[in-house]
Amino acid sequence: MSNTFFQKDIVSVRDFDREKFEEVFKATDKVIEMNPNERRELARGKTLGYLFFEPSTRTRLSFEAAMASLGGTSIGIADASSSSAKKGESLADTVRIMSLYSDVVVLRHQLDGSSRFAAEVSERPLINAGSGTEEHPTQAILDLYTIRKEKGRIDGLKIGIVGDLKYGRTVYSLLYALGNYRANVRLISPPSLKVRSDSTYEIRKKLAYTEATDLEENLTDLDVVYVTRIQKERFADMEEYVKVKGSYKLGPELLKKMKDDVIIMHPLPRLDEISHKLDSTPNAKYFNQAKYGKDARAALLALVLNEKGI
Ligand code: CP
(Lines give C-alpha, C1' and ligand atoms only; values in the text may rest on other atoms or scores of the structure.)
Protein backbone atom coordinates (compact mmCIF):
# COMPACT_ATOMS: atom_id res chain seq x y z
CA MET A 1 0.00 0.00 0.00
CA SER A 2 1.35 3.46 -0.85
CA ASN A 3 1.86 6.07 1.85
CA THR A 4 -0.68 8.93 2.07
CA PHE A 5 1.75 11.52 0.73
CA PHE A 6 3.09 9.66 -2.30
CA GLN A 7 2.97 11.98 -5.34
CA LYS A 8 0.62 14.34 -3.48
CA ASP A 9 0.71 18.17 -3.40
CA ILE A 10 1.32 19.87 -0.04
CA VAL A 11 -0.62 23.11 -0.45
CA SER A 12 -2.40 23.69 2.87
CA VAL A 13 -2.42 22.24 6.37
CA ARG A 14 -6.21 22.39 6.05
CA ASP A 15 -5.78 19.21 3.99
CA PHE A 16 -4.16 17.50 7.01
CA ASP A 17 -5.77 15.63 9.89
CA ARG A 18 -4.03 14.54 13.07
CA GLU A 19 -3.07 11.17 11.55
CA LYS A 20 -1.30 12.89 8.66
CA PHE A 21 0.67 15.13 11.02
CA GLU A 22 1.66 12.10 13.08
CA GLU A 23 2.74 10.28 9.89
CA VAL A 24 5.14 13.13 9.05
CA PHE A 25 6.42 13.37 12.65
CA LYS A 26 7.19 9.63 12.73
CA ALA A 27 8.94 9.91 9.37
CA THR A 28 10.94 12.88 10.71
CA ASP A 29 12.03 10.84 13.75
CA LYS A 30 13.13 8.07 11.37
CA VAL A 31 15.04 10.45 9.08
CA ILE A 32 16.94 11.82 12.10
CA GLU A 33 17.84 8.34 13.36
CA MET A 34 18.69 6.88 9.94
CA ASN A 35 22.16 5.89 8.86
CA PRO A 36 23.27 8.58 6.32
CA ASN A 37 23.99 5.97 3.63
CA GLU A 38 20.49 4.54 3.96
CA ARG A 39 19.02 8.06 3.93
CA ARG A 40 20.83 8.91 0.69
CA GLU A 41 18.82 6.19 -1.09
CA LEU A 42 15.50 7.95 -0.45
CA ALA A 43 15.84 10.46 -3.33
CA ARG A 44 18.78 9.10 -5.27
CA GLY A 45 18.56 10.32 -8.87
CA LYS A 46 15.67 12.66 -8.08
CA THR A 47 15.57 16.44 -8.59
CA LEU A 48 13.84 19.11 -6.54
CA GLY A 49 12.94 22.26 -8.47
CA TYR A 50 12.41 25.42 -6.45
CA LEU A 51 10.80 28.69 -7.51
CA PHE A 52 11.11 31.54 -5.01
CA PHE A 53 9.33 34.74 -5.99
CA GLU A 54 9.94 36.14 -2.48
CA PRO A 55 13.14 36.17 -0.39
CA SER A 56 13.97 33.22 1.84
CA THR A 57 16.85 31.90 3.88
CA ARG A 58 15.56 28.94 5.94
CA THR A 59 12.87 27.47 3.71
CA ARG A 60 14.89 27.38 0.52
CA LEU A 61 18.16 26.32 2.09
CA SER A 62 16.55 23.68 4.29
CA PHE A 63 14.75 22.18 1.29
CA GLU A 64 18.04 22.08 -0.61
CA ALA A 65 19.92 20.61 2.36
CA ALA A 66 17.12 18.10 2.94
CA MET A 67 17.18 16.98 -0.71
CA ALA A 68 20.97 16.61 -0.60
CA SER A 69 20.73 14.53 2.58
CA LEU A 70 18.35 12.18 0.71
CA GLY A 71 20.84 11.75 -2.15
CA GLY A 72 18.97 14.01 -4.58
CA THR A 73 19.81 17.30 -6.26
CA SER A 74 18.13 20.70 -6.43
CA ILE A 75 17.78 23.21 -9.24
CA GLY A 76 15.93 26.47 -9.01
CA ILE A 77 15.25 30.14 -9.12
CA ALA A 78 16.08 31.95 -5.91
CA ASP A 79 15.45 35.39 -7.35
CA ALA A 80 12.62 35.68 -9.86
CA SER A 81 14.14 38.87 -11.34
CA SER A 82 16.87 36.69 -12.87
CA SER A 83 14.31 34.39 -14.54
CA SER A 84 12.07 34.84 -17.59
CA ALA A 85 9.32 35.99 -15.21
CA LYS A 86 11.13 39.33 -15.58
CA LYS A 87 10.29 39.20 -19.32
CA GLY A 88 6.64 38.63 -18.49
CA GLU A 89 6.44 34.82 -18.46
CA SER A 90 3.38 33.69 -16.51
CA LEU A 91 3.45 31.80 -13.22
CA ALA A 92 1.63 28.92 -14.95
CA ASP A 93 4.30 28.56 -17.65
CA THR A 94 7.15 28.95 -15.15
CA VAL A 95 5.73 26.20 -12.93
CA ARG A 96 4.95 23.95 -15.88
CA ILE A 97 8.51 24.27 -17.19
CA MET A 98 10.03 23.57 -13.77
CA SER A 99 7.85 20.50 -13.40
CA LEU A 100 9.28 19.13 -16.68
CA TYR A 101 12.79 19.30 -15.21
CA SER A 102 12.15 18.01 -11.71
CA ASP A 103 10.40 15.34 -9.61
CA VAL A 104 8.93 17.73 -7.05
CA VAL A 105 8.37 21.50 -7.24
CA VAL A 106 8.67 23.88 -4.27
CA LEU A 107 7.05 27.31 -4.71
CA ARG A 108 7.07 30.53 -2.69
CA HIS A 109 4.97 33.33 -4.12
CA GLN A 110 3.54 36.62 -2.89
CA LEU A 111 -0.06 35.89 -3.91
CA ASP A 112 -2.67 34.08 -1.85
CA GLY A 113 -3.88 31.09 -3.85
CA SER A 114 -0.64 30.88 -5.87
CA SER A 115 0.24 27.38 -4.68
CA ARG A 116 -3.25 25.95 -5.20
CA PHE A 117 -3.18 27.36 -8.74
CA ALA A 118 0.38 26.13 -9.38
CA ALA A 119 -0.50 22.63 -8.20
CA GLU A 120 -3.14 22.47 -10.91
CA VAL A 121 -0.66 23.19 -13.71
CA SER A 122 2.36 21.32 -12.34
CA GLU A 123 3.15 17.92 -13.82
CA ARG A 124 4.77 16.95 -10.51
CA PRO A 125 3.79 17.22 -6.83
CA LEU A 126 3.91 20.81 -5.65
CA ILE A 127 4.92 21.93 -2.17
CA ASN A 128 3.80 25.34 -0.91
CA ALA A 129 6.79 27.14 0.64
CA GLY A 130 4.72 30.23 1.50
CA SER A 131 1.78 31.74 -0.40
CA GLY A 132 1.04 35.41 0.26
CA THR A 133 -0.37 36.04 3.74
CA GLU A 134 -2.34 32.83 3.48
CA GLU A 135 -0.26 29.79 4.45
CA HIS A 136 3.16 28.26 5.02
CA PRO A 137 2.28 24.61 5.60
CA THR A 138 5.78 23.12 5.94
CA GLN A 139 6.52 25.77 8.61
CA ALA A 140 3.49 24.58 10.61
CA ILE A 141 4.69 20.98 10.31
CA LEU A 142 8.11 21.88 11.69
CA ASP A 143 6.53 24.11 14.36
CA LEU A 144 4.36 21.28 15.67
CA TYR A 145 7.29 18.87 15.42
CA THR A 146 9.39 21.27 17.51
CA ILE A 147 6.71 21.56 20.22
CA ARG A 148 6.26 17.78 20.33
CA LYS A 149 10.03 17.22 20.48
CA GLU A 150 10.79 19.89 23.08
CA LYS A 151 7.68 19.49 25.30
CA GLY A 152 6.90 15.81 24.62
CA ARG A 153 3.29 16.57 23.61
CA ILE A 154 1.00 19.19 22.06
CA ASP A 155 -2.30 18.33 23.76
CA GLY A 156 -2.96 20.24 26.98
CA LEU A 157 -0.28 22.90 26.45
CA LYS A 158 -0.89 26.62 26.84
CA ILE A 159 0.45 28.22 23.68
CA GLY A 160 0.79 31.98 23.18
CA ILE A 161 1.17 33.34 19.66
CA VAL A 162 2.55 36.87 19.69
CA GLY A 163 3.02 39.70 17.20
CA ASP A 164 1.72 40.18 13.68
CA LEU A 165 -1.25 37.83 13.54
CA LYS A 166 -2.85 39.67 10.64
CA TYR A 167 -0.20 39.24 7.97
CA GLY A 168 1.97 36.36 9.31
CA ARG A 169 1.22 33.33 7.14
CA THR A 170 3.01 31.02 9.56
CA VAL A 171 0.36 32.00 12.13
CA TYR A 172 -2.55 30.86 9.94
CA SER A 173 -0.94 27.52 9.12
CA LEU A 174 -0.07 27.01 12.80
CA LEU A 175 -3.63 27.81 13.93
CA TYR A 176 -5.20 25.48 11.35
CA ALA A 177 -2.72 22.78 12.38
CA LEU A 178 -3.35 23.25 16.13
CA GLY A 179 -7.05 22.68 15.43
CA ASN A 180 -6.16 18.97 15.32
CA TYR A 181 -4.87 19.02 18.92
CA ARG A 182 -6.32 19.94 22.30
CA ALA A 183 -4.15 23.00 22.95
CA ASN A 184 -5.14 26.19 24.79
CA VAL A 185 -4.20 29.07 22.52
CA ARG A 186 -3.83 32.73 23.44
CA LEU A 187 -3.36 35.24 20.62
CA ILE A 188 -1.44 38.34 21.70
CA SER A 189 -1.24 41.22 19.23
CA PRO A 190 -1.85 44.95 18.81
CA PRO A 191 -5.58 45.50 18.05
CA SER A 192 -4.78 46.37 14.42
CA LEU A 193 -2.86 43.09 13.90
CA LYS A 194 -5.42 40.59 15.17
CA VAL A 195 -6.14 37.42 13.16
CA ARG A 196 -8.11 38.38 10.04
CA SER A 197 -11.85 38.12 10.50
CA ASP A 198 -12.26 36.19 7.23
CA SER A 199 -10.25 33.33 8.82
CA THR A 200 -11.61 33.33 12.37
CA TYR A 201 -14.80 31.47 11.43
CA GLU A 202 -12.83 28.53 10.06
CA ILE A 203 -10.25 28.54 12.87
CA ARG A 204 -12.93 28.67 15.59
CA LYS A 205 -14.64 25.58 14.19
CA LYS A 206 -11.72 23.48 15.45
CA LEU A 207 -9.78 25.58 17.95
CA ALA A 208 -10.78 27.49 21.09
CA TYR A 209 -8.61 30.56 21.60
CA THR A 210 -8.60 33.83 23.52
CA GLU A 211 -7.24 37.20 22.41
CA ALA A 212 -5.17 39.75 24.34
CA THR A 213 -3.01 42.79 23.70
CA ASP A 214 -0.77 43.10 26.79
CA LEU A 215 2.27 40.83 26.55
CA GLU A 216 3.54 41.05 30.13
CA GLU A 217 0.14 40.23 31.69
CA ASN A 218 -0.37 37.21 29.45
CA LEU A 219 2.93 35.34 29.57
CA THR A 220 3.23 33.90 33.06
CA ASP A 221 1.29 30.64 32.57
CA LEU A 222 2.33 29.79 29.01
CA ASP A 223 4.21 26.58 28.08
CA VAL A 224 5.07 27.79 24.59
CA VAL A 225 5.55 31.35 23.36
CA TYR A 226 5.58 31.63 19.57
CA VAL A 227 6.80 35.08 18.57
CA THR A 228 6.42 36.54 15.08
CA ARG A 229 7.92 39.47 13.21
CA ILE A 230 5.77 42.43 12.19
CA GLN A 231 5.61 41.98 8.42
CA LYS A 232 6.52 45.44 7.19
CA GLU A 233 6.44 44.33 3.55
CA ARG A 234 2.71 43.45 3.75
CA PHE A 235 1.47 46.86 4.99
CA ALA A 236 -0.34 48.96 2.38
CA ASP A 237 0.18 52.07 4.55
CA MET A 238 3.61 52.68 6.15
CA GLU A 239 2.04 54.99 8.77
CA GLU A 240 0.11 51.98 10.07
CA TYR A 241 3.37 50.00 10.26
CA VAL A 242 5.11 52.77 12.21
CA LYS A 243 2.28 52.71 14.79
CA VAL A 244 2.85 49.03 15.64
CA LYS A 245 6.58 48.65 14.95
CA GLY A 246 8.43 47.45 18.04
CA SER A 247 5.15 46.69 19.90
CA TYR A 248 6.57 43.63 21.65
CA LYS A 249 10.10 42.91 22.78
CA LEU A 250 10.87 39.72 24.65
CA GLY A 251 13.99 40.11 26.78
CA PRO A 252 15.55 38.84 30.04
CA GLU A 253 13.17 40.82 32.30
CA LEU A 254 10.06 39.28 30.74
CA LEU A 255 11.67 35.83 30.70
CA LYS A 256 12.02 36.02 34.52
CA LYS A 257 8.22 36.32 34.78
CA MET A 258 7.62 33.22 32.68
CA LYS A 259 7.52 29.52 33.58
CA ASP A 260 10.99 28.01 34.08
CA ASP A 261 10.40 25.44 31.36
CA VAL A 262 8.65 27.71 28.84
CA ILE A 263 9.93 27.30 25.28
CA ILE A 264 10.33 30.32 23.03
CA MET A 265 9.83 29.79 19.32
CA HIS A 266 9.98 32.03 16.26
CA PRO A 267 9.71 31.06 12.58
CA LEU A 268 12.50 33.62 11.89
CA PRO A 269 13.76 35.95 10.55
CA ARG A 270 13.58 38.03 13.74
CA LEU A 271 14.17 41.75 13.99
CA ASP A 272 14.00 43.17 17.53
CA GLU A 273 11.06 41.17 18.92
CA ILE A 274 13.34 38.70 20.74
CA SER A 275 16.48 40.00 22.44
CA HIS A 276 19.72 38.28 21.40
CA LYS A 277 20.34 37.96 25.15
CA LEU A 278 17.81 35.11 25.21
CA ASP A 279 19.66 33.07 22.57
CA SER A 280 21.86 31.27 25.08
CA THR A 281 19.04 30.45 27.52
CA PRO A 282 17.62 26.89 27.61
CA ASN A 283 14.22 28.37 26.78
CA ALA A 284 15.23 29.65 23.33
CA LYS A 285 14.28 26.99 20.78
CA TYR A 286 14.15 29.00 17.55
CA PHE A 287 17.43 27.67 16.21
CA ASN A 288 16.45 24.07 17.08
CA GLN A 289 13.19 24.84 15.27
CA ALA A 290 15.11 25.90 12.13
CA LYS A 291 17.19 22.72 12.36
CA TYR A 292 14.09 20.53 12.66
CA GLY A 293 12.87 22.31 9.54
CA LYS A 294 15.49 20.52 7.49
CA ASP A 295 14.60 17.15 9.05
CA ALA A 296 10.83 17.60 8.67
CA ARG A 297 11.21 18.73 5.05
CA ALA A 298 13.48 15.75 4.33
CA ALA A 299 10.79 13.46 5.76
CA LEU A 300 8.09 15.13 3.67
CA LEU A 301 10.17 14.86 0.48
CA ALA A 302 10.93 11.20 1.21
CA LEU A 303 7.21 10.50 1.67
CA VAL A 304 6.22 12.37 -1.50
CA LEU A 305 8.88 10.64 -3.60
CA ASN A 306 8.73 7.06 -2.24
CA GLU A 307 5.62 4.94 -2.65
CA LYS A 308 6.45 2.77 0.34
CA GLY A 309 7.34 5.76 2.54
CA ILE A 310 10.33 5.59 4.85
N1 CP B 1 10.56 30.85 8.40
C2 CP B 1 10.78 31.16 7.11
O3 CP B 1 9.94 30.94 6.23
O4 CP B 1 12.00 31.71 6.87
P5 CP B 1 12.52 32.21 5.44
O6 CP B 1 11.61 33.32 5.00
O7 CP B 1 13.93 32.63 5.66
O8 CP B 1 12.40 31.04 4.50
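Residues numbered from 1 in each chain as written. Predicted model: local features only at pLDDT ≥ 70, side-chain atom pairs only at ≥ 80, totals over all residues. Heavy atoms only, no water.

## Observations concerning the sheet that holds strand E1 (residues 47-52)
The strand order across the open sheet formed by 4 strands is E2-E1-E3-E4, and the pairing between neighbours is parallel. Looking along the sheet, the strands with just one partner apiece sit at the ends: strand E2 (73-77) and strand E4 (126-131). Each strand of the sheet is rotated relative to its neighbour by a mean of 15°, with strand direction disregarded. In terms of strand pairing, strand E3 (residues 104-109) meets E4 through 4 bridges, oriented parallel. From the neighbouring strand, Val 105 faces E4, where its bridge partner is Leu 126. (Pairing = 2+ DSSP bridges. Helix = DSSP H or I, 4+ residues; strand = E, 2+ residues; numbered from the N terminus. Axes fitted to C-alpha atoms, helices over the stretch in contact; angles between N-to-C directions.)

## Looking at the packing of helix H6 (residues 137-151) against helix H11 (residues 286-305)
Close contact between H6 and H11 brings their axes to 8 Å; oriented N to C, the two are set at 115°. Relative to H11, the crossing made by H6 is right-handed. Contacts between H6 and H11 pair Thr 138, Gln 139, Ile 141, Leu 142, Asp 143, Tyr 145, Thr 146, Lys 149 and Glu 150 from the former with Asn 288, Gln 289, Tyr 292, Gly 293, Ala 296, Arg 297 and Leu 300 from the latter. Each residue belonging to the contact of H6 with H11 can be placed in one class, and the counts come to 6 nonpolar, 6 polar and 4 charged. (Left-handed = near helix turned anticlockwise from the far one by under 90°. Contact = heavy atoms within 4.5 Å. Nonpolar A, V, L, I, M, F, W, Y, C, P; charged D, E, K, R; others polar.)

## Observations regarding the sheet that holds strand E8 (residues 224-227)
Taken in spatial order, the 5 strands of this open sheet run E7-E6-E5-E8-E9, and their pairing is parallel. Each edge of the open sheet is held by one strand with a lone partner, namely strand E7 (209-212) and strand E9 (263-265). Going across the sheet, the axis of each strand differs from the next one's by a mean of 20°, ignoring polarity. Where E8 and E9 come together, 3 bridges link them in parallel fashion. Of the residues in E9, the one forming a bridge with Tyr 226 is Met 265. Along the sheet, H6 makes contact with strand E5 (158-162), E8 and E9, crossing E9 at roughly 165°.

## Focus: the environment of Pro 269
Within the element layout of this structure, Pro 269 appears in the loop between E9 and H11. For Pro 269, a relative accessible area of 40% corresponds to the partly exposed category. When the C-alpha positions of Pro 269 and Gln 7 are compared, they lie 31 Å apart, and in sequence the two are 262 residues distant. Among all residues touching Pro 269, those that are not within four sequence positions of it are Arg 58 and Arg 229. (Buried < 20%, exposed > 50% of the residue type's maximum accessible area, 1.4 Å probe, protein only.)

## Here we look at helix H4 (residues 91-101)
Those residues of H4 not exposed but buried are Leu 91, Ala 92, Thr 94, Val 95, Met 98 and Ser 99. Within H4, the buried residues cover an arc of 165° as seen down the axis, which keeps them to one side. Among the exposed residues of H4, those pointing more than 90 degrees away from its buried face are Leu 100 and Tyr 101. Check the buried side of H4 and you find it contacts E1, E2, E3, helix H5 (114-121) and E4. (Arc of directions from axis to C-beta.)

## Some remarks on helix H7 (residues 169-178)
The element H7 is extensively covered by neighbouring structure, given that 10 of its 10 residues are classed as buried. Of all the residues in H7, the buried ones are Arg 169, Thr 170, Val 171, Tyr 172, Ser 173, Leu 174, Leu 175, Tyr 176, Ala 177 and Leu 178.

## Looking at the domain arrangement of the protein chain
Many authors give the size of an interface as the accessible area that is lost as the parts come together. The domains assigned to the protein chain are domain 1 (13-136 + 293-305) and domain 2 (138-290). Placing the centre of domain 1 and that of domain 2 at their C-alpha centroids yields a distance of 25 Å. Counting residues at the interface gives 32 residues for domain 1 and 29 residues for domain 2. Its salt-bridge partner being Glu 54, residue Arg 169 comes within 2.9 Å of it at the nearest N-O pair. The tally of links between domain 1 and domain 2 comes to 17 residue pairs in polar contact (both at pLDDT 80 or more). Looking at the side of domain 1 that touches domain 2, the elements that each hand over two or more residues are helix H1 (18-33), helix H3 (58-69), E3, E4 and H11. Per element, the largest residue contribution to the side of domain 1 that touches domain 2 is 8 residues, and it comes from H1. Of the residues that constitute the side of domain 1 that touches domain 2, the class distribution is 10 nonpolar, 10 polar and 12 charged. (Domains from an automatic or database assignment. Salt bridge = Lys/Arg side-chain N within 4 Å of Asp/Glu carboxyl O. Polar contact = N/O pair within 3.5 Å; in protein donor to acceptor, adjacent residues only side chain to side chain.)

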